[in-house]
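Commentary on secondary and tertiary structure
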Amino acid sequence: MNRAYQSPQAEGSRTAAAVGRGPWVWRFGVVGSCLDTARMLAARGWLAPWESVQAVSQTAGRGQLRRQWRSPPGNLYAALRLPCAPPFDGSAAAPAMGVLAARALQTMGWPVRLKWPNDLVLDGADGTPRKVAGVLLEERGGVLLAGMGLNVAWAPETAELRADAALEATCLAAAAAGRENKGASRHIPTAEALWQHLVMCLYSAYNSGHSFSEQWRDGLEDMLLWRGLIVELCDDGRVTRGRLEGLGASGGVCLDTGGRVEEFFCGSLRRGG
């Protein structure tokens, strides 16, 4: 089955995430934003839960707090509709989506970790963690979308990042080059092939027959960045310092602030000095 959708900015086609099965993926050339395009398709009844939009580039991509997400060709830009059901119906939605994405990339051999709540990181050749992907959740009128940007071929330079960015950026190509220097090699998939694999992994993990709403945190301790270390949580000018103990059942980050463990649901994490 194929269906074409046209707009002044893009021309897209609808294809299966895998041959003959799996959620549909709308593929576009240039769009303003994958999130906005997905929302428009959902409003027309053309985007069911687990179906998604992918574009070669975006002219108005956005990240957290509506910060601009520069989106030239070469990287992965997509938006996935999630079901409004546990764990995606509350505060655990963002970290749960981050866990799903991290596990999917790990199945491809990429040792990514989760920086709470929804950033994915890779260690550089020097062992320093660097951001490789970000997830942005938006809910309007009962439609929950997860926008994802993953650095495949390039990453922004440090000077391009905002002044208070917690981590520098990297990309899969740079990570693979670092491994080749150490005698290993890694195939870099195209953004289209990568998203096709991720969609199937996400869909299968959620529908595996287990209670994902209860088990999404299983094994999280091994992939949670800075677990057991001193971190700082910055939220609207307020800084809370403590040891990162893990995540609560509702998706909040748990910090030991001096003999007392508290769960926080808002803010940006950075490594403490």
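Look up: the structure comes first, before these words.
Cut-offs and rules
By convention here, each chain's residues receive numbers from 1 onward along its written sequence. Totals for whole chains, interfaces and linings use every residue, but because this is a predicted model, local features are given only for residues with pLDDT of at least 70 and side-chain atom pairs only at 80 or more, for both listing and counting. With hydrogens and water excluded, all non-hydrogen atoms of the structure serve as input to the side-chain values. Every case where a carboxyl oxygen of Asp or Glu lies within 4 Å of a side-chain nitrogen of Lys or Arg is listed as a salt bridge. Burial classification: accessible surface area is computed with a 1.4 Å probe over protein chains only, and a residue below 20% of its type maximum counts as buried, one above 50% as exposed, and the rest as partly exposed. Helix and strand labels come from DSSP, where a helix needs a run of H or I of at least four residues and a strand needs a run of E of at least two; each type is numbered from the N terminus. A pair of strands is considered paired only if DSSP assigns at least 2 bridges between the two.

For the structure shown, the criterion picks out seven salt bridges. A salt bridge links Arg243 to Glu245, with the nearest nitrogen and oxygen atoms 2.7 Å apart. Classification of Arg243 by relative accessible area gives partly exposed; the value is 34%. The exposure class assigned to Glu245 is partly exposed, which follows from its relative accessible area of 29%. One connected set of salt bridges, linked through shared partners, spans Arg243, Glu245 and Asp256.

In terms of burial, strand S7 (residues 119–123) is largely enclosed, as four of its five residues are buried. The sheet contact formed by strand S6 (residues 113–115) and S7 spans three bridges and is antiparallel. Opposite Arg113, over in S7, you have Val121 as the bridge partner. Remark: three residues form the turn of the hairpin made by S6 and S7, two consecutive strands paired antiparallel. As judged from the five bridges shared by S7 and strand S8 (residues 129–140), these two strands associate in the antiparallel manner. Opposite Leu120, over in S8, you have Ala133 as the bridge partner. In textbook terms, the turn of a hairpin is the stretch between consecutive antiparallel strands, and for S7 and S8 this stretch comprises five residues, one of which, Gly127, has a positive phi near 85°.

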